[in-house]
Amino acid sequence: MSDPIIFYIEDDELSREVMHTLLTRGLGYTSVTIFESSSEFELKLDTLTTIPDVIFLDIHMEPTDGFTILNLLRQRTKYDSTRVVALTASVMNEEVKKLKDAGFNGVIAKPLNYETFPNALLRILDKEDIWSVK
């Protein structure tokens, strides 16, 4: 997969900028869509014309948190093959278990580790669950 379709939903501006820079300038991907908030996400979801290969979700967003967005995605069969990975600073054992139980395909800790993220992304795109808390 040379240029995967990647979505990122994040309400923090700096986190959005870091991810965009890493994906586009660092890794050279061009099919990157970043949503600046979770506001009206269900409406946004229904108007999408492409199906992403992976969706990165911030967990602690307002008005709709990452768990609720995951649930909305999992209710739609067209997103069955889409990998959904949480990006969060809350990576204590209890939080990771909660993410697994909710049906995420993995978690990557914030702040992003520039050295390990590219390999983690390749593994995610290869349908591997990633529970990277470092």
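Residues numbered from 1 in each chain as written. Predicted model: local features only at pLDDT ≥ 70, side-chain atom pairs only at ≥ 80, totals over all residues. Heavy atoms only, no water.

Details of the overall build of the chain
A count of helical and extended segments in the chain gives 5 helices and 6 strands. In terms of overall dimensions, the chain has C-alpha extents of about 35 × 35 × 30 Å along its principal axes. The proportion of buried residues among the 134 residues of the chain is 43%. A fraction of 70% describes how many contacts in the chain between residues 6 or more apart in sequence connect residues 24 or more apart. Carbon together with sulfur atoms contributes 49% to the accessible area of the chain, which is approximately 7,200 Å² in total. Side-chain charges of the chain comprise 14 positive and 22 negative groups, with the mean position of each set lying 5 Å from the other. (Helix = DSSP H or I, 4+ residues; strand = E, 2+ residues; numbered from the N terminus. Buried < 20%, exposed > 50% of the residue type's maximum accessible area, 1.4 Å probe, protein only. Contact = heavy atoms within 4.5 Å. Areas by Shrake-Rupley, 256 points an atom, 1.4 Å probe, with all protein chains shown as cover. Lys, Arg positive; Asp, Glu negative; His and termini not counted. Charge placed at Lys NZ, Arg CZ, Asp CG, Glu CD.)

Quick notes on the sheet that holds strand 1 (residues 6-9)
Across a sheet, strands are paired by hydrogen bonds formed along the backbone, either parallel or antiparallel in direction. Taken together, the 6 strands give an open sheet; going across it, the order is 2-1-3-4-5-6, and neighbouring strands pair in parallel fashion. Two strands lie at the open edges of the sheet, namely strand 2 (32-35) and strand 6 (130-132), each paired on one side alone. On average, each strand axis in the sheet is tilted by 20° relative to the strand beside it, whichever way the strands run. Judged from the 5 bridges that link them, strand 3 (residues 54-58) and strand 4 (residues 83-88) form a sheet pairing that is parallel. Its bridge partner being in strand 4, Ile-55 is matched across the sheet by Val-84. Sheet contacts for helix 4 (residues 93-102): strand 4, strand 5 (106-109) and strand 6; angle to strand 6, the most-contacted strand, approximately 165°. (Pairing = 2+ DSSP bridges. Axes fitted to C-alpha atoms, helices over the stretch in contact; angles between N-to-C directions.)

Section: the pairing of strand 1
Going residue by residue along strand 1, you find Ile-6 and Tyr-8 tucked away on one face and Phe-7 and Ile-9 tucked away on the opposite face as well. Both strand 1 and strand 2 contribute to a ladder of 4 bridges, which runs parallel. In the strand pairing of strand 2, Ile-6 is matched with Val-32. Handedness of the crossover is the feature at issue here: the chain leaves strand 1, passes through helix 1 (residues 13-26), returns alongside strand 2, and the resulting connection is right-handed. Note: strand 1 against strand 3, 4 bridges, orientation parallel. Bridge pairing in strand 3 places Ile-6 opposite Val-54. (Right-handed = clockwise from strand over helix to strand, strands pointing away.)

Quick word on the nonpolar core
By size, the foremost hydrophobic cluster in this structure holds 22 residues, and its most contacted members are Ile-9, Leu-57, Leu-73 and Phe-104. Where this core is concerned, the elements lending two or more residues are strand 1, helix 2 (41-47), strand 3, helix 3 (66-74), strand 4 and helix 4. Ignoring any residue separated from it by four or fewer positions in sequence, one finds Leu-73 in contact with Phe-41, Leu-45, Ile-55, Tyr-79 and Val-84. By size, the runner-up hydrophobic cluster in this structure holds 19 residues, among which are Met-19, Leu-22, Val-85 and Ala-120. (Core = buried A, V, L, I, M, F, W, Y, C linked by side-chain atoms within 4.5 Å.)

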